[in-house]
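Here's the letter readout for the chains.
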Amino acid sequence: MKKVLLLAVLVSGLAFGQTKKLTSSDVHWWGYKIAKTEASSHDGTVNVKSGNLVLKNGAVIGGDFVLDMTSINATDLSGEYQGKLNGHLKNGDFFEVEKFPTATYKITSVKKNSNKDYNFVVNGNLTVKGKTNPVSFPAKITAANGVVTLESDKFSFDRQKFDVAYKSTMQDVLVKDDVDLKVKISVK
């Protein structure tokens, strides 16, 4: 009986994939004013709270990661201005982190891509402020010494689809809808 149970566990692992836990991460964001240029932007980081990738036959087939929105931090500013922008991003004007402390990305599929630098397209669902929308991005997936790394190219999502809107009437016109992200997660 024990042999049958062990065999069933092994077969189910092969059929559904193997889950690898997050060991390191780096998420960088960019937000833009009217003109989408480096000179009219703010950028920063957000921490990954948890995550995993699901592998089958050595290939990534799924996974998810949870962003700690309370950690959102503008790195292009310092001192008083950094504190003001961080507070602004965390309050009801944008991410409402007291009510929505996390955002999640759940991978639904990974497809080969013809781009030699970012050889895969990751498809999934991004959930921010309780709203879920599909978001895809090009990614480079590598494996070395038992560590699998998924690194995206810079990609955009429309913040308005997630109700991340500047609550002041005229101010939302001054902020571009696109938010750019670059994500790197490693699992073992």
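Note that the coordinates shown come from a computational prediction; the quantities given were computed from them, not determined experimentally. Numbering of residues starts from 1 in each chain and follows the order in which that chain's sequence is written. Residue-level local features of this predicted model are given only where pLDDT is at least 70; pairs of side-chain atoms are given and counted only at 80 or more, and the full residue set underlies all totals for whole chains, interfaces and linings. Side-chain measures here rest on the full set of heavy atoms in the structure, leaving out hydrogens and waters.

Draft legend 1. Molecular detail of the pattern of salt bridges. By definition here, a salt bridge exists when the distance from a side-chain nitrogen of Lys or Arg to a carboxyl oxygen of Asp or Glu is within 4 Å. The tally for this structure, following the rule as stated, stands at three salt bridges. One salt bridge in this structure joins Glu 96 and Lys 129, with 2.7 Å as the shortest N-O distance. Here the residue Glu 96 occupies a position in the loop between α2 (79-90) and β4 (102-112), and Lys 129 occupies one in the loop between β5 (120-128) and β6 (131-144), the gap between them amounting to 33 residues. Of the charged contacts in the structure, one is a salt bridge between Arg 159 and Asp 177, with a shortest N-O distance of 3.5 Å. Note that Arg 159 is positioned in the loop between β8 (155-158) and β9 (175-187) and Asp 177 in strand β9, a separation of 18 residues in sequence. Starting at the N terminus, helices and strands are each numbered in turn, a helix being any DSSP run of H or I of at least four residues and a strand any DSSP run of E of at least two.

Draft legend 2. Region of interest: the confidence of the model for the chain. When pLDDT is averaged along the chain, the result is 89, and 85% of the positions lie at 70 or above. How sure the predictor is of each residue is captured by pLDDT, a score from 0 to 100. Only heavy atoms matter for contacts: two residues are in contact if any of them lie within 4.5 Å across the pair. Across residues 2-14, confidence stays below pLDDT 50; counting only partners more than four residues off in sequence or on other chains, it has three contacts.

Draft legend 3. Representation of the side chain of Ser 71 within the structure. Take Ser 71: it is sitting in strand β3 (residues 59-74). Overall, the relative accessible area of 16% leaves Ser 71 in the buried class. For Ser 71, the side chain forms a polar contact with the main-chain oxygen of Asp 68, separated by 2.6 Å. For the exposure calls, accessible area comes from a 1.4 Å probe over protein chains only, and a residue counts as buried if that area is under 20% of its type's maximum, exposed if over 50%, partly exposed in between. Here a polar contact is recorded for every N or O atom pair within 3.5 Å, except that within protein the pair must consist of a potential hydrogen donor and a potential acceptor, and residues adjacent in sequence are included only if both atoms are side-chain atoms.

Draft legend 4. Inspection of the pairing of strand β2 (residues 41-56) at higher detail. Only strands that DSSP links by at least two bridges are regarded as paired with each other. Where strand β1 (residues 18-33) and β2 come together, nine bridges link them in antiparallel fashion. Looking at the pairing, Trp 30 lines up with Asp 43 of β2. Bridge count for β2 against β3 is eleven bridges, and the pairing is antiparallel. When the sheet's bridge partners are listed, Val 54 is paired in β3 with Gly 62.

Draft legend 5. Representation of the nonpolar core in the model. Grouping buried Ala, Val, Leu, Ile, Met, Phe, Trp, Tyr and Cys residues that are joined through side-chain atoms within 4.5 Å yields what is termed a nonpolar core. Ranked by size, the top nonpolar core spans 41 residues in total, and within it Leu 53, Leu 67, Met 69, Phe 95, Tyr 105, Val 122 and Leu 150 carry the most contacts. Sorting elements by how many residues they give to this core places β3 first, with six residues. If near-sequence neighbours (up to four positions away) are discounted, Met 69 is found in contact with Val 46, Lys 90, Phe 95, Val 97, Phe 100, Pro 101, Thr 102 and Ala 103.

Draft legend 6. Spotlight on α2. Helix length check: α2 (twelve residues) gives 17 Å between terminal C-alpha atoms against 16 Å at 1.5 Å per residue, within 8%. Within α2, the full set of buried residues consists of Gln 82, Leu 85, Asn 86, His 88 and Leu 89. Taken around the axis of α2, the buried residues stretch over an arc of 160°, which confines them to a single face. Structural note: α2 exposes Glu 80 and Lys 84 on the side pointing more than 90 degrees away from its buried face. Under the convention used throughout, the expected extent of a helix is 1.5 Å for every residue step, that is, one less than its residue count. Here, the arc refers to the directions that run from the helix axis to the C-beta atoms.

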